[in-house]
Amino acid sequence: MIRSLKDNHALFLIVVGSAAWLVPGGGHFALGQQRRAGVIFVTILLTFLLGLYVGSLGVIDPVGAKPWYAAQIMNSPAVLLLGAHVMLVQRQAETGQMDVQEAGTVPYRVYGRPNEIGQIYTSIAGLLNLLCIVNAIYMAHLTAVEETKR
Amino acid sequence: MTIPIAYILASFTTPIQIDTTAASMVWLVPLVASIAIVYKATKVYQIRLVAFLKESAALFASIMVFIIVAAIILYGLEWFVTERLPSLLHTSAF
């Protein structure tokens, strides 16, 4: 399977890049570099979760903070689902379809320093994963080129 | 079993309290550590625990030193503009 993928160079790079985006470290894992993949996975996941813990799910804001959201998406496609969930809950609360604990409050709304720090953590985690995606694709390219030379 | 899981999940639905004080700058430290570790994970030829930790620590320290030097320079510039410059010009900055 991997052998036939490596024969199709472009497809091999796309698969490695997709794996790296789906799960942080997935691209390196697909290349057989388990230790590197483990370090990347744990570090990026902890950074992202720490950002969510500090600022709550509200730091994922597809409407009011688009540039930050673009960086957050680089973590994993799962961020798209989180963003859709946040938007849905906020829309339900604003239209009165959902009971909120206090009058005038909207779930997952976050302001001030927790919002800043949460967005910085989650976005930096995304940008670090982008670095890892590019690195995994480059390593895959080098591996494929070395094998064709043999 | 479900109560601890629910408690953990609930902690992600409300933000924690962080005051706008100088102490909030400490939040920089874990982020710099994370950047240093991931960057080094993509750069080293092979990951061996001791060598990897040494390289990550060196990068972490160099980023921290650079940030502290930049902060001192900016603080000095701010002090000069708001405290020293008005007295030199005999007028208030604001």
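The rules behind these values
- Residues numbered from 1 in each chain as written.
- Chains lettered and ligands numbered in written order.
- Predicted model: local features only at pLDDT ≥ 70, side-chain atom pairs only at ≥ 80, totals over all residues.
- Heavy atoms only, no water.
- Helix = DSSP H or I, 4+ residues; strand = E, 2+ residues; numbered from the N terminus.
- Rg over C-alpha atoms; globule rule 2.2 N^0.38 Å.
- Buried < 20%, exposed > 50% of the residue type's maximum accessible area, 1.4 Å probe, protein only.
- Contact = heavy atoms within 4.5 Å.
- Buried area = accessible area lost by both parts, 1.4 Å probe.
- Nonpolar A, V, L, I, M, F, W, Y, C, P; charged D, E, K, R; others polar.
- Patch = residues over 30% accessible without salt bridge, like charges linked within 9 Å, V, L, I, M, F, W, Y side chains within 5 Å.
- Areas by Shrake-Rupley, 256 points an atom, 1.4 Å probe, with all protein chains shown as cover.
- Salt bridge = Lys/Arg side-chain N within 4 Å of Asp/Glu carboxyl O.
- Axes fitted to C-alpha atoms, helices over the stretch in contact; angles between N-to-C directions.
- Parallel < 35°, antiparallel > 145°, perpendicular 65-115°, else oblique.
- Left-handed = near helix turned anticlockwise from the far one by under 90°.
- Phe/Tyr/Trp six-rings, centres within 6.5 Å; stacked < 30°, edge-to-face > 60°.
- Core = buried A, V, L, I, M, F, W, Y, C linked by side-chain atoms within 4.5 Å.

Chemist: Teacher, can you tell me more about the overall build of chain B here?
Modeler: Scanning chain B from terminus to terminus reveals 3 helices and 0 strands. Counted from the first residue to the last, chain B has its helices and strands arranged as α-α-α. Computed over the C-alpha atoms, the radius of gyration of chain B is 21 Å, more than 25% above the 12 Å expected from 2.2 N^0.38 for a compact globule of 94 residues. Along the first, second and third principal axes, the C-alpha atoms of chain B reach 65 × 45 × 15 Å. Every one of the 94 residues in chain B was classed for burial, and the buried ones make up 19%.

Chemist: How should I be thinking about the interface of chain B and chain A in this particular structure?
Modeler: It is common to give the size of an interface as the accessible area lost on bringing the parts into contact. Each side of the interface is counted separately: chain B has 28 residues, and chain A has 27 residues. Contact between chain B and chain A buries roughly 2,400 Å² in total, counting both sides, with carbon and sulfur atoms accounting for 72%. Considering each element in turn, the side of chain B that touches chain A owes the most residues, 9 residues, to helix α2 (residues 28–43) of chain B. Residues belonging to the side of chain B that touches chain A are distributed by class as follows: 17 nonpolar, 9 polar and 2 charged.

Chemist: Would you take a moment to explain a nonpolar patch on the surface for this structure?
Modeler: Residues and elements named next belong to chain B. On the surface, a nonpolar cluster with roughly 860 Å² of combined accessible area is contributed by L74, Y75, L77, W79, F80, V81, L88 and L89. If you trace the backbone, L74 turns up in helix α3 (residues 49–89). Owing to a relative accessible area of 57%, L74 belongs among the exposed residues under this scheme.

Chemist: Looking at this model, I keep getting lost on the packing of helix α4 (residues 34–55) of chain A against α2(B). Mind explaining?
Modeler: Two elements in contact, α4(A) and α2(B), have axes whose closest approach is 10 Å; the angle formed by their N-to-C orientations is 155 degrees. As summarised for this structure, α4(A) and α2(B) are arranged roughly antiparallel, according to the angle between their axes. α4(A) and α2(B) meet at a crossing whose hand is left-handed. Of the residues in α2(B), those in contact with R36(A), V39(A), I40(A), T43(A), I44(A), T47(A) and L50(A) of α4(A) are P30(B), L31(B), S34(B), I37(B), V38(B), A41(B) and T42(B). Here the contact of α4(A) with α2(B) is composed, by residue class, of 9 nonpolar, 4 polar and 1 charged.

Chemist: What is the right way to read the packing of aromatic side chains from this model?
Modeler: Given two aromatic rings, one states the distance between the centres and the angle between the planes to describe the pair. Following the criterion strictly, the structure yields 2 aromatic pairs over all chains and no others. With a centroid separation of 6.2 Å and 75 degrees between ring planes, the pair formed by Y53(A) and F12(B) is classed as edge-to-face. Taken as a pair, Y53(A) in helix α4 and F12(B) in the loop between α1 (2–10) and α2 lie in two separate chains rather than in one. Classification of Y53(A) as partly exposed rests on a relative accessible area of 36%. Considering the side-chain rings of Y121(A) and W27(B), the 6.2 Å spacing of their centres and the 90 degrees angle between planes classify their relative orientation as edge-to-face. Here the residue Y121(A) occupies a position in helix α7 (residues 112–149), and W27(B) occupies one in the loop between α1 and α2, the pair thus bridging two chains. Looking at W27(B), the relative accessible area reads 25%, which means it is partly exposed.

Chemist: Honestly, the pattern of salt bridges in this entry has me stumped. Any pointers?
Modeler: Close approach of charged atoms lets side chains of opposite charge pair. Applying the stated rule across the entire model yields 2 salt bridges over all chains. The partner of E116(A) in a salt bridge is R113(A), with the nearest N and O atoms 3.2 Å apart. A residue pair is termed a helical-turn pair when its members lie 3 or 4 positions apart in one helix, as E116(A) and R113(A) do in helix α7 at 3 residues. Given a relative accessible area of 42%, E116(A) falls into the partly exposed group. By relative accessible area, which is 18% here, R113(A) ends up buried. Residue E55(B) is joined to K40(B) by a salt bridge in which the shortest nitrogen-to-oxygen separation is 3.2 Å. Note that E55(B) is positioned in helix α3 and K40(B) in helix α2, a separation of 15 residues in sequence. Taking relative accessible area as the criterion, E55(B) reaches 36% and is therefore assigned partly exposed. Overall, K40(B) belongs to the buried group, its relative accessible area being 16%.

Chemist: Looking at this structure, how should I read the nonpolar core?
Modeler: If you look at soluble globular proteins, the nonpolar side chains tend to sit buried side by side. Among the nonpolar cores identified, the biggest contains 24 residues, and I44(A), L52(A) and I60(A) are the most heavily contacted of them. Sequence-distant contacts of I60(A), defined by excluding residues within four places in its chain, comprise F48(A), L52(A), Y69(A), Q72(A), V79(A), L82(A), G83(A) and V86(A).

Any functional reading would require information that these geometric values do not contain.
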